[in-house]
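# Fold and contact review
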Amino acid sequence: MKAVRNIRLCTKDCLCLFVCPTGATNTDDGQIDASKCLDACRACVDACPSGAISKVPFNFPPQQPKQEAVCAALRALLASKANQEAAMDAVIGSPASPVEAQLARALKESIRIVAEDMLRESGYMLPQSEQARAALRGMLESEQDADFPKDAAEELLRMLES
Ligand code: SF4
Ligand code: SF4
């Protein structure tokens, strides 16, 4: 198990810098150095006042297979979220009032967050997930808008498959 720091929760109080026996928490990029972190230690986790540090497995287990019925339900839910987002875009494009536009923007953001959470929970956003690779392959093999970042998608797929 290795310590990881959630930068968004870190308040820079630096208690972890004082308690770590190996200096693993003291890095230039804010990430804890896994090569120095001791498996059996959790001093920084206990010291952190903001709950920013957790211990996680160094090697994650492989993605578990999913039943087709579950994937189909997820695809249907995501299609519905995409439709809802498009409906909000239409309102934002020609609102009846500034308040309606503001409400539509908030709803659009909320719909997007829910969709992203569903993708994350289902493993699509885990880099080690076959679902993430399959999604990228699917995008590259199907017709896309002119502004689709094909080079970036190909590069990402290469990195995930290597
Ligand atoms: S103890 Fe927690 S809040 Fe303080 S620097 Fe370390 S991770 Fe950040
Ligand atoms: S778990 Fe222990 S060794 Fe690892 S970073 Fe935290 S204080 Fe340092």
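These figures come from a predicted structure and were not determined experimentally.

Glancing now at the overall build of the protein chain. Along its length, the protein chain carries six helices and two strands. Traced from its N-terminal end to its C-terminal end, the protein chain shows the element sequence β-α-α-β-α-α-α-α. Relative to the compact-globule value of 15 Å for 162 residues, the protein chain shows a C-alpha radius of gyration of 21 Å, a clear excess of over 25%. Principal-axis analysis of the C-alpha atoms gives the protein chain an extent of 60 × 40 × 30 Å. Across the 162 residues in the protein chain, those meeting the buried criterion constitute 7%.

Looking at the assigned domains, one finds that the protein chain contains domain 1 (1-59) and domain 2 (68-161). Relative to domain 2, the C-alpha centre of domain 1 lies at a distance of 33 Å.

Quick look at the nonpolar core now. One finds Ala-3, Cys-16, Cys-20, Ala-24, Ile-32, Cys-37, Cys-44, Cys-48 and Ile-53 forming the largest nonpolar core, which totals nine residues. Sequence-distant contacts of Ala-3, that is, excluding residues within four places in its chain, are made with Ala-24, Ile-32, Cys-37, Cys-44, Val-45, Ile-53 and Lys-55.

With that settled, the discussion passes to the site of ligand 2. The local shell around ligand 2 holds 14 residues, among which Cys-20, Ala-24, Cys-37, Cys-41 and Cys-44 are the closest. For the shell around ligand 2, the residue count by class is 11 nonpolar, two polar and one charged.

For helix α3 (residues 68-93), with 26 residues, the first-to-last C-alpha span of 37 Å sits near the 38 Å given by 1.5 Å per residue. Burial within α3 is sparse, with just one of its 26 residues counted as buried.

A word on the confidence of the model for the protein chain. Interpretation of this model should avoid reading the predicted coordinates in detail wherever pLDDT is low. On average, the protein chain scores 90 in pLDDT, and the residues at 70 or more come to 98%. Mean pLDDT across the elements of the protein chain bottoms out in helix α5 (residues 130-141) (88) and peaks in helix α2 (residues 43-47) (96).

Our next topic: the environment of Lys-36. Along the chain, Lys-36 falls in the loop between α1 (15-19) and α2. Judged by the 16 C-beta atoms lying within 10 Å of it, Lys-36 is partly exposed. Distance in space between the C-alpha atoms of Lys-36 and Ile-92 is 51 Å, their sequence separation being 56 residues. Those residues in contact with Lys-36 that sit more than four places away from it in its chain are Thr-22, Gly-23 and Ala-24.

Definitions and limits used
- Along each chain, residue indices are assigned from 1 in the same order as the chain's sequence is written.
- To label them, take the chains in the order written and letter them from A, then take the ligands in the order written and number them from 1.
- Under the rules for a predicted model, residues below a pLDDT of 70 receive no local features and side-chain atom pairs below 80 are neither given nor counted, while totals for whole chains, interfaces and linings still include all residues.
- Secondary structure follows DSSP: runs of H or I at least 4 residues long count as helices, runs of E at least 2 residues long count as strands, and numbering of each begins at the N terminus.
- This radius of gyration counts C-alpha atoms alone. The globule rule is 2.2 Å times how many residues there are, raised to the power 0.38.
- Buried, partly exposed and exposed are defined by the number of other C-beta atoms within 10 Å of a residue's own C-beta, namely 20 or more, between the two limits, and 12 or fewer respectively, with C-beta atoms placed from the backbone.
- How far each domain reaches was decided by an automatic or database domain assignment.
- Put simply, a nonpolar core is buried Ala, Val, Leu, Ile, Met, Phe, Trp, Tyr and Cys residues tied into one set by C-beta atoms within 7 Å.
- Residue pairs are scored as contacts if the distance between their C-beta atoms, which are placed from the backbone, is within 7 Å.
- Being near a molecule or strand means, for a residue, that its backbone-placed C-beta atom lies within 6 Å of it.
- Classes in brief: Ala, Val, Leu, Ile, Met, Phe, Trp, Tyr, Cys and Pro nonpolar; Asp, Glu, Lys and Arg charged; the others, Gly included, polar.
- Expected helix span is taken as 1.5 Å per residue step, with the number of steps being one fewer than the number of residues.
- For every residue, the pLDDT score states the predictor's confidence, bounded by 0 at the bottom and 100 at the top.

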